[in-house]
Structures are given as C-alpha cells and as structure tokens.
Protein chains: 2
Amino acid sequence: METLSRKQREISDRERQILALARPILVHEGYQALSMDRLAAQMEYAKGTLYNHFPNKEEIVAALAIESLELRRKMFERASLLSPISRHRMMAIGCACDLYTQECAEHFAVEQMLRNSVIWQKSSEKRQVLIQQCEMRAMSVVAGVVRDAVAAGDLTVPEHMSAEELVFGFWSLTYGSHALIASSPSLSEVGVNDPVRSIRYHGWTLMNGYQWKPFISFDETESLMHQLGERIFGDEPN
Amino acid sequence: METLSRKQREISDRERQILALARPILVHEGYQALSMDRLAAQMEYAKGTLYNHFPNKEEIVAALAIESLELRRKMFERASLLSPISRHRMMAIGCACDLYTQECAEHFAVEQMLRNSVIWQKSSEKRQVLIQQCEMRAMSVVAGVVRDAVAAGDLTVPEHMSAEELVFGFWSLTYGSHALIASSPSLSEVGVNDPVRSIRYHGWTLMNGYQWKPFISFDETESLMHQLGERIFGDEPN
DNA sequence: CCTATATTTTGACGCAGCGTCAACTTTTGT
DNA sequence: ACAAAAGTTGACGCTGCGTCAAAATATAGG
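Cut-off values and rules
- Residues numbered from 1 in each chain as written.
- Chains lettered and ligands numbered in written order.
- Predicted model: local features only at pLDDT ≥ 70, side-chain atom pairs only at ≥ 80, totals over all residues.
- Heavy atoms only, no water.
- Helix = DSSP H or I, 4+ residues; strand = E, 2+ residues; numbered from the N terminus.
- Buried < 20%, exposed > 50% of the residue type's maximum accessible area, 1.4 Å probe, protein only.
- Contact = heavy atoms within 4.5 Å.
- Lys, Arg positive; Asp, Glu negative; His and termini not counted.
- Charge placed at Lys NZ, Arg CZ, Asp CG, Glu CD.
- Least-squares fit on C-alpha atoms with pLDDT ≥ 70 in both.
- Expected span 1.5 Å × (residues − 1).
- Polar contact = N/O pair within 3.5 Å; in protein donor to acceptor, adjacent residues only side chain to side chain.
- Salt bridge = Lys/Arg side-chain N within 4 Å of Asp/Glu carboxyl O.
- Domains from an automatic or database assignment.
- Buried area = accessible area lost by both parts, 1.4 Å probe.
- Nonpolar A, V, L, I, M, F, W, Y, C, P; charged D, E, K, R; others polar.
- Phe/Tyr/Trp six-rings, centres within 6.5 Å; stacked < 30°, edge-to-face > 60°.
- Core = buried A, V, L, I, M, F, W, Y, C linked by side-chain atoms within 4.5 Å.
- Axes fitted to C-alpha atoms, helices over the stretch in contact; angles between N-to-C directions.
- Parallel < 35°, antiparallel > 145°, perpendicular 65-115°, else oblique.

**Details of the overall build of chain A**
A tally of regular secondary structure across chain A gives 11 helices and zero strands. Overall size of chain A, expressed as C-alpha extent along the three principal axes, is 60 × 50 × 35 Å. Residue burial in chain A is summarised as follows: out of 238 residues, 55% are buried. Expressed as a percentage of contacts within chain A between residues at least 6 apart in sequence, the contacts between residues at least 24 apart total 70%. Put simply, chain A has 25 plus and 31 minus side-chain charges, and the middle of one group is 5 Å from the middle of the other.

**A short note on the relation of the copies chain B and chain A**
Here two copies of a chain appear, and what relates them is a rotation about an axis with a shift along it. With an RMSD of 0.1 Å, chain B superimposes on chain A once it is rotated by 180 degrees and translated 0.0 Å along the axis. A rotation of that kind, with that shift, is consistent with a two-fold axis. The rotation axis passes nearest to the C-alpha of Gly176(B) in chain B, at a distance of 1.7 Å. In this assembly, 100% of the residues forming the interface of chain B have copies in chain A that are likewise at the interface, indicating an isologous arrangement.

**Quick notes on helix H4 (residues 57–80) of chain B**
Residue and element names in this part refer to chain B. For H4, spanning 24 residues, the distance from its first C-alpha to its last is 35 Å, which sits close to the expected 34 Å at 1.5 Å a residue. The buried count for H4 comes to 19 of 24 residues, which makes it a mostly enclosed element. Its side-chain oxygen 3.2 Å from the backbone nitrogen of Glu 58, Asn 56 forms the N-cap of H4.

**Comments concerning the interface of chain B and chain A**
Taken together, the 48 residues of chain B in the interface contact 48 residues of chain A. Linking chain B with chain A are zero salt bridges, by the criterion used here. Applying the counting rule to chain B against chain A returns 22 residue pairs in polar contact (both at pLDDT 80 or more). When residues of the side of chain B that touches chain A are traced back to their parent elements, those giving at least two are helix H7 (118–122), helix H8 (125–151), helix H9 (163–183) and helix H10 (195–209) of chain B.

**Quick notes on the domain arrangement of chain A**
Residue and element names in this part refer to chain A. Here the domain parsing of chain A yields domain 1 (1–54) and domain 2 (63–232). For domain 1 and domain 2, the distance between their C-alpha centres works out to 32 Å. In this assembly, seven residues from domain 1 lie in contact with 10 residues from domain 2. For the domain 1 and domain 2 pair, buried surface summed over both sides reaches about 830 Å², with 73% attributable to carbon and sulfur atoms. If you sort the residues of domain 1 by the area they bury against domain 2, Leu 19, Arg 23 and Leu 26 come out on top, with a joint share of 62%. Our enumeration of links across domain 1 and domain 2 arrives at one salt bridge. For the interface between domain 1 and domain 2, the tally reads four residue pairs in polar contact (both at pLDDT 80 or more). Of the residues contributing to the side of domain 1 that touches domain 2, the split by class is six nonpolar, no polar and one charged.

**Digging into the packing of aromatic side chains**
Per the stated rule, a full pass over the model turns up 14 aromatic pairs over all chains. Between Phe168(A) and Trp171(A), the ring centres sit 6.1 Å apart and the planes meet at 85 degrees, which makes this aromatic pair edge-to-face. Of the two residues, Phe168(A) and Trp171(A) both sit in helix H9 (residues 163–183), three residues apart, roughly one turn of that helix. Neither residue differs from the other here; Phe168(A) and Trp171(A) are each classed as buried. A connected cluster of aromatic rings, assembled from ring pairs, spans Tyr201(A), Trp204(A), Phe215(A), Phe218(A) and Tyr210(B).

**Topic: the nonpolar core**
Counting 106 residues, the largest nonpolar core has Trp212(A) and Trp212(B) as the members making the most contacts within it. In this structure, Trp212(B) is in contact with Ser86(B), Arg87(B), Met90(B), Val145(B), Val146(B), Ala149(B), Asp154(B), Leu155(B), Leu166(B) and Met207(B), ignoring residues within four places of it in sequence. One finds Ala22(B), Ile25(B), Phe54(B) and Ile131(B) within the second-largest nonpolar core, a separate group that totals 29 residues.

**Description of unusual backbone geometry**
Lys213(A) connects to Pro214(A) through a cis peptide bond whose omega is 0 degrees. Checked against the element boundaries, Pro214(A) lands in the loop between helix H10 (195–209) and helix H11 (218–232). The phi angle at His160(B) is positive, at roughly 65 degrees, despite the residue not being glycine. A residue is classified by how much of its surface remains accessible, and His160(B), at 49% relative accessible area, is partly exposed. Residues other than glycine seldom take positive phi values, yet Gln211(B) does so here, at roughly 50 degrees. Looking at the element boundaries, Gln211(B) is found in the loop between H10 and helix H11 (218–232). You can call Gln211(B) exposed: its relative accessible area is 59%.

**A short note on the environment of Val167(A)**
Along the chain, the position of Val167(A) falls in helix H9. Put simply, Val167(A) and Ala143(A) are 24 residues apart on the chain and 6.3 Å apart in space, counted from C-alpha to C-alpha.

**Quick look at the side chain of Glu111(A)**
Residues and elements named next belong to chain A. By secondary structure assignment, the location of Glu 111 is in helix H6 (residues 105–114). Polar contacts involving the side chain of Glu 111 include one to the side chain of Arg 72, which spans 3.1 Å. When neighbours within four sequence positions are excluded, Glu 111 is seen to be in contact with Ser 68, Leu 69, Arg 72 and Tyr 100.

**Comments concerning the packing of H10(A) against H10(B)**
One way to put it is that H10(A) packs onto H10(B) with a least axis distance of 8 Å and a crossing angle of 95 degrees. On the basis of the axis angle, H10(A) is roughly perpendicular to H10(B). Residue-level inspection shows His202(A), Thr205(A), Leu206(A) and Gly209(A) of H10(A) in contact with H10(B), the latter providing His202(B), Thr205(B), Leu206(B) and Gly209(B). By residue class, the composition of the contact of H10(A) with H10(B) is two nonpolar, six polar and no charged.

This is the structure in structure tokens:
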C-alpha cells in the first residue's frame, strides 16, 4: 500500500517535471525546438514514458497554456479586489494585463501558441473544456466589475449591449496591442514609439467615452496604475 | 532570344502557379497540410524545382502573406478616398478591416500565420523588408487621415502622442477583436454574442472619446458604414 | 520466499516531411 | 553541330512523431 502510493506519487510528480522541463524550451527556443526525443533525453526517461503522460506533443503545450491562463485569472481576481471604486478596479485589471505580458512574458507567449489552430485542434476535449472554463472565469471577473459599476451608478452600459460585450472592447484593445507588440516587426519603424503607454491612454479615453465615473485625469491614472501594479504581486508571486 | 523569354515566362508563371496552388491548401487545411512533396506532386514537377523558386516552405507562406498584405493596403487606400470628411474616412477604413476579415477570411488567416514567429524568422531578409514596407504604407494611409483631421480642425491629437500612436489604438482594437473572434473558442459561450457590432460600437465610442468631429449618432454610423462598405470593392475586386 | 499476474518502462521501428545534390535533360550561344 | 550554361529530377540523409512488443518492475496470494 505504501509502495503503491510512493510509486503513484512518483508518477504524478513526473507530470509536473515534464511541464517544468518543457516550458523553458518552449519559451526560449520556440515550438519547433520542443521535441519529444529531446524532452525524453533531458528527463532521462524513454520516450514511451512521456507518452504515458501526454498522448501527443500538443497536449503538453496545452497543459502549459492552462497553467498560464490560471495565473492570469488569479492576477485578474487579485487586481479586481484592490479598490472599492469600480473605475479603479477596471484600471487595476488593465494593469494586470500589462504586468502579465511584461513580467510573465513566457506565459503570454505560451497562451499565444494555443491560439494557433494546430495545438488547439489536437488537444483533448477534456483540456479544451478546462481552457474554456478558465476564459469564462476570467471574463466573469471583469464583467462582474462592470455590473458593480452599473449597480453603483458609475457607468451606463448602452442598451442592446451586455456587460460581456463591453468588456470585449477593452479585451480587444489590450489583447490586440500586446499581440501586435509581440509580433509586429519593429513597431517603432512605423512610428509607434511607446505602445504600452499609448494603449493605457486609449484605454483611458475609451473609459471616458463610456463616461465611467469618477473621471480621473490621465496623469492621475498613470500614478494610480503604478501603485496598483505594485500590489498585484502581493504575498504569493505564484 | 525569343525562346529565352518564353522559357523565362514559363518560369515566372510557375511561381504564381505555386502560390495559387499553395493558398487553398494553406487556408483550408492549415499549415501542417501544406507539404512540399504534396505541392510538387500537384504541380507535376519535381520537388527540387520548387526549391529553385523558394528556398523553404516558410518563404512560400511569406510570399502568400505579402499578397494578402497588399490586398489589405489597397482596400485601405480605396476606403480612405471615399469621403472628404475625416471621421467618415476613418470609419471607412474600419469598415475595410471588417470586410477584409470577413470576405477575405483566407487572406486574414494567412496574415495571422506570418505573425507566428517560425515563419517570420525563417523568411528571407528581402521578404521581411517587403512586409515591413507594406505595413508602413498601410499605417501611413491611416496616419494621413489623422493628420488631415488635425489640419481640418476635426481632431486634436493629445500632446506627447504621434498620429501613428493614435492610429495604434484603433489598430489594436480592430486587430485584437478579429484575432479573438478567429481564435477564441466560442466567444458566445463567454457572453459575447455579436462581437463585430460590439467592436464597431467601441470604435465609435473611442472616436467620441477623442472628440473626433463631426459627431454622428451610432445609428447613423451604422448606416453610413454600410454604404461605405459597398463602395470598397468597386470595379476591381482584386 | 516464490511465483503468477498486473503495471510500467523501454527503445527500435515505421512513417512522413524537409532540404540536398549528383546525375540527367534541355536550352543557349557560337 | 557541339560545348557550355541553365534547368530538372528524384533518391537520399536526416529529424521528429507516435507505436508496440518485449523487458523490467511492482503487487498479491500461497
């Protein structure tokens, strides 16, 4: 009984070992560089053993992506609790996005890979459901902030638009900018010198467009976001 | 001399043949499905001959992406000329984006592939420059509209922000939304039912945030954009 | 402790796809 | 007509994925 559980612990540990080993390869050398043979060699296990844990290479990437999505969701939740003022809470979430893509660039990179068809298609139903749930929970955190703002009278969501659709605008803005920053060959060549600051400004302007109260000047926004940012990685950086 | 040019025509025709054959495979069956062996077989040429035209598979994708970027740039240019009113011109460009991703979904899909590291890295310097130029020209069309708006007194670009950085906001918003629509597993599951309309609304709100004159109601915006859309594919749908 | 059964590990193997290159064919120039 | 240049070919080497029968190890009963 004891030996069984020891063996089983050994096996489940190995799953985390595989992921821990795979992540840096994936992040620093790209999807191509991650090969099952190489992974097996570095693990000092045979390739077949890897395939006992993951049915194919894509599942490994998907598993890593889930870890990353979880991290982002946690950051969102933390961020959304940093203030009682709805507009500040939304700003904190924006701040979390910035931090996530900058300080946890590896995680963002892995998340991006998941969006590239092949991996998504080949990953198991089970994991696809997990991923969707993760996205839904992140969305509901932000939509919750919007609903609270409406309830508090800070914001009016246009009729025929759901809270989620309002969130979708901010999501597109921040996601789009970070995706472009990561993938557009030399943004500065086309005249965009400080894309992150620009997007904070656009986000601020969009909030103003929706007349999200209380109004704050952009300078105040900047310093407030800086403060909020410091509090997002609180006790546990994980 | 005549035979030479016949031969040379034959060769340069083949390049277009390759691309024409590759595109549907790439679009409908994905990057994985596009193999050099298969392409050679369908071309009824030996694989080596393909490699006389393109040094590797990635270059073929890059070449296709350039065609797509060119199409988008042309649509932008057309769109930007449809009205004398700066705000309408910007709306027309937004409309061009929507049309591009919807009616020319294959092109958008190929463009997306280029953003996924591997292809970009392995494509030749020459093509990388071409791609950058294409992006720059598209950007300068839109930035031109912004500058005209400023000159006409319709718009004030915030100090410390360039026209390009202002464009970057709209670019992020539309690019982000289309990327999410294409890649996010079931947006409607998370509560976003009409993402395209939502983004048009967000774009409209962002313009209002920048007080881009003349103000138009959203309903007017919708019908105007519909009209503009019909005029973007004018004489030559290419 | 031994043996039978279940579980886990292994790595050689089949297969597919990329890119190469020496041999072969066609075109060009004289 | 012939030699040199240009173009074409497909077999080959290599890498990487995923499989599976055989070997190793663990579990359980006597």
